[in-house]
Amino acid sequence: MSTATAVDWQGPGQRTGSRWGFTWRELLWALVFPRAGQRILPTASGVILIALALGIGTAAYNTANNILFITLSLLLACLILSGVLSWFNFKAVAWRLPPPPSLRAGQEAMVTLELRNGKKFLPTYGLWFEVTTNPMEPPPVGPLQGRPKDRPVREILAAAEKARQRTRLFLRGRLDPGGAARLDWIFKPTRRGRQKLALESVGSLFPFGFLKKHIGSGLRHEVMVWPAAVEYRRHSPAAGRPHMGGERAARAGSGGDLLALRKYQGGDSHRLIHWKASARSGHLLVRQFAAESQETFALWLETSAGVWTHPEQFELLVSLAATLAEDLFRAGKLTSVALNSLPPQPMRRVRDFESFLDELAVIQPVAEERPIGRMPGSADIPPVEGRMSVRKNVITFAPDGARGVAAYVDGEKTATA
Amino acid sequence: MSMEKKRPQLSLDELHQLKWLLGSVLALFSVWTVFYLDVDAWTLLILNTVAISAALIWPGWLARVPAAVHIGAFPVIVICFVTDLWTNGQILPAMIRLDLMLILYRGISYRQRRDDLQLIVLGLFLVVVAGVITVSLAFAVQILAFTACALAFLFVVTLVDATEAKYPPVHTPLFTWRISVATPSWIRQADWPRLFARLRTVVDWRIVTFASVLFAGVVVLSGLLFLAIPRFQLENSLFLDRFMSKKARTGFTDNIKFGDVTDIIADNGLAVSVDVSDPGQMPATLYLRMVVLDEYREDSFRLSPALRRASFGQEPNAIEVDGTERPHAGAPVYWTVYLESGVSSYLPLPGSFERLHFRELQSILNSRNLRAISLRNEPVTMTAYRLEGVNTSPLLSDPGFAENLRNPPRDRNGAPLRYTRRELVVPAQESDQAALRAAVAEITGGATLSAEDFAGRACRWLDTRHDYSLQSATPAGPGDTLTRWLTSKAPGHCELFAGAFVMLARTAGFPTRLVTGFKGGTWNAFSNNLTVRNSNAHAWCEMWNGEGAWLRVDPTPGSAPVTSANEPQGTAAFAARLDRSWSARLDSLRIFWYRRIVNFDQGNQLDTLRAVKSATQQAGQRMRVSLDRLVLAVKTWLVSGWDARRIALVMTGLLAITGLGWAGQLLLRGWRWRIRRNDNNRRADPARREAGRWLERLREKKGEGEPGTDAVWPDLERVRYGARPTWPELEKVFRRARQAWRGRGKSPRLPS
């Protein structure tokens with residue numbers, strides 16, 4: 001889980017404690033037991049420098065030649081200078097990784113890393129940030145029935161590595177003292193589910209490229225990737241069904257019925273002000289009218305493992321359900337949703353819809369027996385907040401052939417994907 | 001709205017151009033070591049300099065080089081190296097020339113990261129080899145410049161790499177001399193004046209100062225590391241000088257023709273530096289003996305093979321040589337001699353000594369009788385050695401020669417060996433011998449003289465007949481050259497005077513030999529050492545005094561023929577020859593380099609540690625004594641009598657101290673506050689500072705009722721002091737301020 005909140009800054013610039021952000025105890029302890037992910041590796045030029053120092057040192061001792069001792073001293077001093085400059089470079093630099101607002105499988109999303117340099121007059125150069133996204137659940141390998149422990153480890157690891165996305169964000173140019181920068185990563189989640197967005201490490205070759213320094217970062221966020229949007233084919237009869245006395249939309253619109261009162265906002269027409277209520281409450285209140293009556297739908301998604309045996313078909317089901325739900329919600333025609341045997345949830349606010357997508361993101365087939373071919377009917381729909389036990393305009397889903405998925409409205413095929 | 005001025009940054013193209021510039025400068029720095037390396041690589045040096053400079057200025061031309069050149073470059077370089085090695089047979093010069101060729105290639109071809117690293121390593125090889133071989137002070141300058149340039153180069157390379165946007169290698173057509181379409185933009189847009197202008201705008205003086213301080217820190221740190229790195233004497237000799245041979249530049253060999261020493265005198269370069277731990281032991285005129293020449297043949301003196309065989313015993317790989325002097329009581333006096341490379345394989349020695357110590361193992365030939373030491377190989381680097389128990393007396397005892405005179409060694413047939421009489425040999429022709437006998441008769445007047453008296457008279461005789469001149473003119477004619485000069489009135493130089501004296505003394509029956517080396521020198525007032533230049537090269541004689549010793553006789557005019565026993569010694573003797581010139585300053589740097597760096601060894605390291613320990617202890621003792629005195633003074637003051645006046649004085653003093661402390665604290669706080677405010681202003685609000693500047697400029701104009709000034713004044717004050725969200729558009733405000741300053745300001749139009 002996340003070890004830092006979304007607004008937490010991390011890095012040497014965020015340290016608290018002593019005035020200078022440095023304590024000898026911390027330094028010595030870090031030498032004995034480095035932090036996780038903190039490592040220093042020599043680069044090619046570093047290896048050359050070390051080899052040169054060894055060679056020159058050997059020659060110096062072998063010959064007692066002070067010119068070689070001077071050269072050796074200079075090489076060692078350069079190595080120390082490199083460490084000091086590297087320390088200056090990281091000093092007072094802080095970063096944070098706010099989680100992206102929403103991610104959807106198959107759609108590009110942007111992760112932004114924010115940086116700031118708290119030094120007074122020294123800039124910071126040449127940092128890079130290793131950012132990864134990693135599914136929290138292992139990706140499916142082979143048929144769903146197989147137990148994970150039966151799968152070859154190599155195959156599982158390969159699938160996990162394939163599902164993992166990583167990038168290295170470079171700080172190009174100079175981060176001035178007191179300055180801030182944003183590094184963007186545009187990536188495309190491949191599959192729905194919970195993902196771990198992590199800043200694995202912060203690295204640098206600064207200043208001379210002798211050593212590759214990595215600072216481990218505990219910055220991790222759990223983000224939800226909603227199911228991918230799919231293209232589906234609509235079948236006309238369901239689209240134009242007359243309203244059969246089902247639900248009426250109780251949402252704001254331009255209809256004639258008063259829906260609610262709300263606070264006045266800039267730009268509202270003065271004619272909408274409810275003067276009487278305003279006088280009573282002491283605040284300007286405006287009338288909010290209900291939308292015109294329209295046909296609305298409820299969506300019921302069943303994920304019986306006995307019905308959805310193919311993983312690809314199940315993924316298509318989830319994607320189609322999410323796409324249909326989104327389209328209907330945007331059109332104001334989705335009133336409630338239900339998952340398996342859970343009670344239906346009303347869809348009134350965007351937050352409701354996002355919660356539904358969150359559930360779709362992690363939904364898996366359940367071992368719930370439901371005979372295939374039985375027509376999904378309104379009689380099975382659980383009541384919505386106890387208002388009615390028999391529902392109309394219920395969208396259900398069933399396999400359509402070996403790979404496809406069909407959506408039904410009251411038993412009539414409405415859309416296929 | 002953020003109007004803070006941001007320092008511009010170099011673009012990727014400009015970083016690549018800067019990298020190219022630094023790489024080329026680094027290459028030039030490296031190849032210029034050949035200047036003082038004394039390797040036959042002048043052609044390559046000139047080629048490197050010209051080609052790398054041209055490639056630096058016009059990098060676009062390199063894109064026209066066909067790929068075939070790059071493909072064939074390395075094999076050609078290898079072939080050149082093998083041919084060079086095969087032809088000359090010296091591996092180190094061949095490797096240096098190979099290094100130069102590789103640097104040339106890397107300097108005139110577009111480099112990737114690994115090529116940049118190669119360039120640095122190749123350059124470092126040249127610099128270090130030059131330093132090891134020459135042990136020159138120039139190495140210190142060179143390595144510092146190289147390090148600074150290499151660090152800046154690596155810094156820029158790292159910045160370029162950090163952008164991750166690497167240019168692909170430039171691919172040119174295989175055989176066509178035309179520019180490739182894939183040439184990176186930094187090559188096409190290379191404009192050095194523009195780059196320098198950009199650098200001026202990008203560079204912050206604080207960063208430059210910080211970098212300079214850091215580099216100074218690196219130098220200091222490397223100095224401390226140099227002192228602190230533990231030293232062990234593994235007793236191995238230097239490996240590089242074995243791969244390189246060198247001829248003596250000055251001609252101090254064991255075969256000297258007339259004029260050789262004069263040629264040396266024409267060179268004013270540094271030859272020897274002599275450092276004495278007790279300058280009081282330094283004679284006013286120091287003679288540094290190098291070569292002893294006993295045989296005169298065909299107008300030249302030489303060390304006869306027989307004497308060489310008889311005198312020089314081989315002591316392979318000695319680091320210490322025992323001399324003929326016996327240990328003296330008292331503190332030892334050390335003479336450290338720094339012999340520059342190219343002078344001679346013979347070591348300059350001020351006389352007899354007790355012990356000689358080299359810095360490292362040396363393969364030597366030592367003659368205890370002749371007091372001469374020769375290195376087996378001509379040293380290609382500065383050679384330093386330390387002498388202990390030196391005797392600079394003009395008399396050199398030689399019991400072996402005395403014994404030989406008494407009982408000449410004989411061959412198998414019982415005949416005396418000839419080499420014992422070689423110091424008495426004169427030209428073979430009778431006419432020459434007759435002329436010499438006549439001259440001796442004129443000198444002695446028929447009397448039998450002691451060696452010292454004969455030396456004095458002969459020198460005066462020569463002085464009256466000949467003037468000193470570096471341009472000698474020996475009259476033409478038959479017979480021996482030296483005898484012709486001796487009997488003439490022609491001027492001559494030291495070799496002719498010494499040679500003539502040798503002939504005269506031998507004719508008079510005194511075994512005599514010629515000695516070459518250095519005489520005199522200047523006393524460096526900055527480093528307190530004797531500096532001997534090649535122009536101090538000299539030739540003199542050593543005459544057997546018949547009492548078991550060789551007497552130094554210097555017949556050249558201007559010298560005392562026989563050094564007096566009461567000759568002044570020490571710094572006072574050099575008062576007239578103190579050198580305070582700029583050249584002496586440079587030489588003092590060189591001596592510092594030799595004393596403190598080149599000659600630093602385990603013993604010096606221990607001495608340094610002891611000195612630090614001693615200084616710390618002394619400082620501690622001084623502090624303890626001071627504290628004790630202070631405590632005693634306070635106690636004494638406290639127990640002395642107290643009266644009202646004294647109490648009042650004490651109270652006044654305490655009040656004054658308190659007041660001063662309080663005032664100081666206030667001042668300190670105000671100073672800190674002012675610094676913080678200025679710092680904040682400086683850092684955060686360049687716009688406020690700009691507005692302040694304009695307010696200051698326009699202050700006078702405001703009083704004159706200038707309408708533009710009055711109009712812009714409130715806006716400037718708002719920018720200077722007001723909250724940031726209330727600021728007007730800054731560019732317009734400053735433009736109006738500029739117009740008002742130029743007198744073209746207009747009053748603002750009233751809103752309708």
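Residues numbered from 1 in each chain as written. Chains lettered and ligands numbered in written order. Predicted model: local features only at pLDDT ≥ 70, side-chain atom pairs only at ≥ 80, totals over all residues.

Just to check I follow, could you spell out the overall build of chain B for this structure?
Each helix and strand in chain B was counted, giving 23 helices and 17 strands. Taking contacts inside chain B between residues at least 6 apart in sequence as the whole, the part at least 24 apart equals 77%. (Helix = DSSP H or I, 4+ residues; strand = E, 2+ residues; numbered from the N terminus. Contact = placed C-beta atoms within 7 Å.)

For this particular structure, what's the right way to read the overall build of chain A?
Scanning chain A from terminus to terminus reveals 8 helices and 20 strands. Counting only residues that meet the buried cut, chain A has 33% of its 417 residues in that class. Counting only contacts in chain A whose residues sit at least 6 apart along the sequence, the fraction spanning at least 24 positions is 73%. (Buried ≥ 20, exposed ≤ 12 C-beta atoms within 10 Å, placed from the backbone.)

What exactly am I supposed to notice about the packing of helix α3 (residues 66-90) of chain A against helix α10 (residues 205-228) of chain B here?
The geometry of α3(A) relative to α10(B) is characterised by a closest axis approach of 8 Å and an angle of 130 degrees between their N-to-C directions. By the angle between their axes, α3(A) is oblique relative to α10(B). The two elements α3(A) and α10(B) cross, and the hand of that crossing is right-handed. On α10(B), the residues touching F69(A), I70(A), S73(A), L74(A), L76(A), A77(A), C78(A), I80(A) and L81(A) of α3(A) are L214(B), V218(B), L221(B), S222(B), L225(B) and F226(B). (Axes fitted to C-alpha atoms, helices over the stretch in contact; angles between N-to-C directions. Parallel < 35°, antiparallel > 145°, perpendicular 65-115°, else oblique. Left-handed = near helix turned anticlockwise from the far one by under 90°.)

Explanation requested: the nonpolar core in the structure shown.
Soluble globular proteins: nonpolar side chains tend toward being buried together. Counting residues in hydrophobic clusters, the biggest one holds 166 residues, and the most contacted among them are A458(B), A500(B), F501(B), L504(B) and M543(B). Tallying contributions element by element places helix α7 (residues 137-162) of chain B first for this core, with 15 residues. With 68 residues, the next largest nonpolar core counts L113(A), A298(A), F356(A) and V409(A) among its residues. (Core = buried A, V, L, I, M, F, W, Y, C linked by C-beta atoms within 7 Å.)

Where do I start with the confidence of the model for chain A in this structure?
As a note on interpretation, predicted positions should not be read in detail where pLDDT is low. All names here are of chain A. Residues of chain A with pLDDT of at least 70 account for 81%, and the chain-wide mean is 79. In this model, residues 1-6 is a region of pLDDT below 50 whose contacts with residues beyond four sequence positions or in other chains number 12 contacts. Taken together, the stretch residues 238-249 has pLDDT below 50 and engages in 19 contacts with residues farther than four places along the chain or on a different chain. (pLDDT = per-residue confidence, 0-100.)

Is there a simple way to think about the interface of chain A and chain B in this case?
Note: interface size is frequently given as the accessible area lost on complex formation between the parts. Of the residues lining the interface, 35 residues belong to chain A; the matching set on chain B comes to 42 residues. Contributions of two or more residues to the side of chain A that touches chain B are made by α2 (44-63) and α3 of chain A. A per-element tally of the side of chain A that touches chain B places α3(A) first, with 13 residues. Each residue belonging to the side of chain A that touches chain B can be placed in one class, and the counts come to 21 nonpolar, 11 polar and 3 charged. (Nonpolar A, V, L, I, M, F, W, Y, C, P; charged D, E, K, R; others polar.)

Before we go on, may I ask you to explain the confidence of the model for chain B in this structure?
All names here are of chain B. Of all residues in chain B, 89% attain a pLDDT of 70 or more, and the chain-wide mean is 83. Scored below 50 in pLDDT, residues 747-752 makes 4 contacts in the model with residues more than four places away or belonging to other chains. Across the interfaces of the predicted complex, the ipTM metric reaches 0.72, alongside a pTM of 0.68.

Which parts of the structure should I look at to understand helix α1 (residues 12-31) of chain B?
Note that an α-helix has 3.6 residues per turn; residues three or four places apart therefore point the same way. Here α1(B) is 20 residues long and its end C-alpha atoms lie 29 Å apart, about the 28 Å a rise of 1.5 Å per residue gives. Burial of α1(B) is extensive: 15 of the 20 residues sit out of reach of the surface. (Expected span 1.5 Å × (residues − 1).)

Before we go on, may I ask you to explain the sheet that holds strand β9 (residues 180-187) of chain A in this structure?
Sheet strands line up and pair through hydrogen bonds in the backbone, either parallel or antiparallel. Residue and element names in this part refer to chain A. The 3 strands lie next to each other as β2-β4-β9, forming an open sheet whose pairing is antiparallel. Strands with a single pairing partner mark the edges of an open sheet, and in this sheet they are β2 (93-96) and β9. Across the sheet, the mean angle from the axis of one strand to that of its neighbour is 20 degrees, orientation sign disregarded. With 8 bridges joining them, strand β4 (residues 109-117) and β9 adopt antiparallel strand pairing. Each residue of the ladder has a partner; that of V111, found in β9, is W185. (Pairing = 2+ DSSP bridges.)

Help me out: how do you make sense of the sheet that holds strand β20 (residues 412-416) of chain A in this one?
Residue and element names in this part refer to chain A. Strand order in the open sheet formed by 7 strands is β12-β20-β19-β18-β15-β16-β17, and the pairing between neighbours is mixed. Looking at strand neighbours, the two that pair on one side only are β12 (233-234) and β17 (345-346), the edges of this open sheet. Relative to β17, strand β16 (residues 334-339) runs antiparallel, the two sharing 2 bridges. Looking at β17, one finds that S336 is bridged to P346. The strands touched by helix α7 (residues 311-330) within the sheet are β15 (297-301), β16, β18 (394-400), β19 (404-409) and β20, with β19 carrying the most contacts at an inclination of about 40 degrees.

What is the right way to read the packing of helix α14 (residues 430-444) of chain B against helix α15 (residues 451-465) of chain B from this model?
The packing of two helices is summarised by the inter-axis angle and the distance between the axes. Residue and element names in this part refer to chain B. Running from amino to carboxyl end, α14 crosses α15 at an angle of 110 degrees, the nearest separation of the two axes being 9 Å. Put simply, α14 runs roughly perpendicular to α15. Considering how the two elements wind past one another, α14 and α15 form a crossing that is right-handed. Taken together, the residues of α15 that come into contact with α14 (itself represented by E442, I443 and T444) are F454, R457, A458 and W461.

How do you make sense of the environment of N255(B) when you look at a structure like this?
Residues and elements named next belong to chain B. On the secondary structure map, N255 appears in strand β1 (residues 255-257). Considered as a pair, N255 and S300 are 45 residues apart in the sequence and their alpha carbons are 7.0 Å apart. The contacts of N255, once residues within four sequence positions are left out, are S300 and R302.

Please explain the pairing of strand β9 (residues 372-375) of chain B as it appears in this structure.
Note on strand geometry: in a regular strand, side chains alternate between the two faces of the sheet. Residue and element names in this part refer to chain B. Note: strand β8 (residues 355-367) against β9, 4 bridges, orientation antiparallel. Paired with S367 across the bridge in β9 is A372. The hairpin turn running from β8 into β9, its antiparallel successor, is 4 residues long, and R371 in that turn takes a positive phi close to 55 degrees.

Help me out: how do you make sense of the environment of L449(B) in this one?
Residue and element names in this part refer to chain B. Tracing the backbone shows L449 in the loop between α14 and α15. Separated by 59 residues in the primary sequence, L449 and A508 have C-alpha atoms spaced 9.3 Å apart. The contact partners of L449, leaving out residues within four places of it in the chain, are T444, F454 and R457.

Sorry if this is basic, but what is going on with unusual backbone geometry here?
When glycine is set aside, most residues are seen to have a negative phi, and most peptide bonds are trans. Note the cis peptide between F206(A) and P207(A), where omega equals 5 degrees. Structurally, P207(A) can be placed in the loop between β10 (193-204) and β11 (211-226). Despite not being glycine, R371(B) shows a phi value in the positive range, around 55 degrees. Of note, R371(B) is situated in the loop between β8 and β9.

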